[in-house]
Amino acid sequence: HWTLLSMSLLNCLVSTACSVGLALAIALTVRSRGMHLVVGCNSSALPMDARMAIATNDCPFNTTRIYDTALALWFPSMVLAAAEAVLSGRCFLVALIYRGIGPCARSYSTEQV
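Residues numbered from 1 in each chain as written. Predicted model: local features only at pLDDT ≥ 70, side-chain atom pairs only at ≥ 80, totals over all residues. Heavy atoms only, no water.

## Points about the UniProt feature "transmembrane region" (unreviewed entry) in the protein chain
UniProt feature "transmembrane region" (unreviewed entry): in the numbering of this structure it lies at residues 73–98. Helix makes up 100% of residues 73–98 and strand 0%. Its end C-alpha atoms lie 38 Å apart. (UniProt positions renumbered as here; feature names shortened; annotations may be inferred. Helix = DSSP H or I, 4+ residues; strand = E, 2+ residues; numbered from the N terminus.)

Shown next as structure tokens:
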């Protein structure tokens, strides 16, 4: 029970931090119109909008479609991290019930579990 309690709490905290970090990355990327994604490209040939960026020899990666691809990967990752945090939180509550700790210690929910 103690392992379930500690691991579910740790996983809940890490998943919450991950989803908050991804939400922040999405917000910063949308706000800057993707220019933070191509900041490694020190070229004056790049336009102000990353969606219109072209692949240049000054950039270590292909800049075409990087804005859309990053957002397409980050949104599902954020949703899955948030779902993982919720499920870990529920496991933490079950561990609290098993240990008899907290507000759920002796109630109907203990009998249900």
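Now that the structure is up, let's keep going.
## What to know about the UniProt feature "signal peptide" (unreviewed entry) in the protein chain
In this numbering, the UniProt entry assigns the feature "signal peptide" (unreviewed entry) to residues 1–19. The span residues 1–19 shows a helical share of 95% and a strand share of 0%, and its end C-alpha atoms are spaced 27 Å apart.

## What about a nonpolar patch on the surface?
On the surface, Met 7, Leu 10 and Val 14 cluster together to form a nonpolar patch covering roughly 290 Å² of accessible area. Take Val 14: it is sitting in helix α1 (residues 2–31). (Patch = residues over 30% accessible without salt bridge, like charges linked within 9 Å, V, L, I, M, F, W, Y side chains within 5 Å. Areas by Shrake-Rupley, 256 points an atom, 1.4 Å probe, with all protein chains shown as cover. Salt bridge = Lys/Arg side-chain N within 4 Å of Asp/Glu carboxyl O.)

## Here we look at the packing of α1 against helix α2 (residues 66–99)
Across the interface, α1 lies against α2 with an axial gap of 7 Å and an inter-helix angle of 155°. One element, α1, and the other, α2, form an angle in the roughly antiparallel class. Read as a crossing pair, α1 and α2 show a hand that is left-handed. (Axes fitted to C-alpha atoms, helices over the stretch in contact; angles between N-to-C directions. Parallel < 35°, antiparallel > 145°, perpendicular 65-115°, else oblique. Left-handed = near helix turned anticlockwise from the far one by under 90°.)

## Examining α2
The end-to-end C-alpha distance of α2 is 48 Å, a good match for the 50 Å that 34 residues give at a rise of 1.5 Å each. Of all the positions in α2, only Tyr 67, Ala 70, Leu 71, Ala 81, Ala 85, Ser 88, Ala 95, Leu 96 and Ile 97 are classed as buried. (Expected span 1.5 Å × (residues − 1). Buried < 20%, exposed > 50% of the residue type's maximum accessible area, 1.4 Å probe, protein only.)

## Points about the nonpolar core
Counting residues in hydrophobic clusters, the biggest one holds five residues: Ile 26, Leu 37, Tyr 67, Ala 70 and Leu 71. When residues in this core are grouped by element, the largest group, three residues, is from α2. (Core = buried A, V, L, I, M, F, W, Y, C linked by side-chain atoms within 4.5 Å.)

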